[in-house]
Amino acid sequence: MFAVFRTLGLALGLLGGGVAAQAPEFAQQYAQRLGGAVDELRREVASLDADARATGNTRDGAVDRMRGNPDELVARRGAAAGATVARLAALSAQQQALAEATSPLGRTFAILRQPDVGLVRATLTDYQPAVPTTADGLVAGLLGFLAAWGGWRVMSDLGRRAVRRRPRAETTTA
């Protein structure tokens, strides 16, 4: 019976290793999407800045002016412009954190710290798995294997101990 549990643990470890080995590739594909999003947001904010300067306003002044406009359409566009500026700041900070990461595994952890949910979903939708041929892919796979296998071992050991400690019902013979 315990051989089945060991085999299942090994299978879980291999599955965990295979999934974790994809982390550096996912980080690379996420970074590509992040770069595209930042480029597009910069164009939008540059257009806002140009319109603000042309009308004698600052960016913040123009956004506040639009938000406070009694015309609902203009007020909504002002709120959207403010959200665009804020998202550009957040994604630019994440792009900087990815650039400062010293390895693909470091980039993976940088993404995990503050992921952009929309970009994560889009990356997962179009994700293309890759064979982990880099050292980072292999290390990520090994860590995933150890986490899944080790977690299984701990859980199965706890289960076995609980079974051993359970008092057996005494049977009486009449």
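Residues numbered from 1 in each chain as written. Predicted model: local features only at pLDDT ≥ 70, side-chain atom pairs only at ≥ 80, totals over all residues. Heavy atoms only, no water.

## Looking at the overall build of the chain
Part 1: Counting its secondary structure elements, the chain contains seven helices and zero strands.
Part 2: Counting from the amino terminus, the chain carries its helices and strands in the arrangement α-α-α-α-α-α-α.
Part 3: For the chain, contacts bridging at least 24 residues in sequence account for 75% of all contacts bridging at least 6.
Part 4: For the chain, the exposed area adds up to about 11,800 Å²; of that, 60% sits on carbon and sulfur atoms. (Helix = DSSP H or I, 4+ residues; strand = E, 2+ residues; numbered from the N terminus. Contact = heavy atoms within 4.5 Å. Areas by Shrake-Rupley, 256 points an atom, 1.4 Å probe, with all protein chains shown as cover.)

## Focus: the pattern of salt bridges
Part 1: Evaluated as defined, the whole model comprises five salt bridges.
Part 2: Across the salt bridge formed by arginine 59 and aspartate 49, the nearest N and O atoms sit 2.7 Å from each other. Placement of the pair is arginine 59 in helix H3 (residues 59–67) and aspartate 49 in helix H2 (residues 23–54), with a sequence separation of 10 residues.
Part 3: When its relative accessible area of 32% is taken as the criterion, arginine 59 is described as partly exposed.
Part 4: We classify aspartate 49 as buried; its relative accessible area is 16%.
Part 5: A salt bridge links arginine 76 to glutamate 72; its shortest N-O distance comes to 3.1 Å. Here the residue arginine 76 and the residue glutamate 72 both occupy positions in helix H4 (residues 72–100), the gap between them amounting to four residues, near one helical turn. Each member of the pair arginine 76 and glutamate 72 is classed as exposed. (Salt bridge = Lys/Arg side-chain N within 4 Å of Asp/Glu carboxyl O. Buried < 20%, exposed > 50% of the residue type's maximum accessible area, 1.4 Å probe, protein only.)

## Thoughts on the packing of H2 against helix H6 (residues 117–126)
In helix packing, the relevant descriptors are the interaxial angle and the interaxial distance, both defined with respect to the helix axes.
Part 1: Direction vectors running N to C along H2 and H6 enclose 125 degrees, while the axes themselves pass 10 Å from each other. Between H2 and H6, the crossing angle belongs to the class labelled oblique. Seen along the crossing, H2 lies across H6 with a hand that is right-handed. On H6, the residues touching Phe26, Gln29, Tyr30, Arg33, Leu34 and Ala37 of H2 are Leu119, Val120, Ala122, Thr123, Leu124 and Asp126.
Part 2: Per-class residue counts for the contact of H2 with H6 are eight nonpolar, two polar and two charged. (Axes fitted to C-alpha atoms, helices over the stretch in contact; angles between N-to-C directions. Parallel < 35°, antiparallel > 145°, perpendicular 65-115°, else oblique. Left-handed = near helix turned anticlockwise from the far one by under 90°. Nonpolar A, V, L, I, M, F, W, Y, C, P; charged D, E, K, R; others polar.)

## Overview of the packing of aromatic side chains
Part 1: Counted under the stated rule, the structure contains two aromatic pairs.
Part 2: Taking the centre distance of 5.9 Å and the plane angle of 50 degrees together, the rings of phenylalanine 26 and tyrosine 127 count as tilted. Of this pair, phenylalanine 26 sits in helix H2 while tyrosine 127 sits in the loop between H6 and helix H7 (135–165), placing them 101 residues apart in sequence.
Part 3: Exposure remark for phenylalanine 26: the relative accessible area of 17% places this residue in the buried category. (Phe/Tyr/Trp six-rings, centres within 6.5 Å; stacked < 30°, edge-to-face > 60°.)

## Description of the environment of arginine 107
Part 1: Relative to the helices and strands, arginine 107 resides in helix H5 (residues 104–113).
Part 2: Distance in space between the C-alpha atoms of arginine 107 and proline 24 is 7.6 Å, their sequence separation being 83 residues.
Part 3: Setting aside its immediate chain neighbours within four residues, arginine 107 contacts Ala27, Leu98 and Ala101.

Read these as geometric descriptors, not functional statements.
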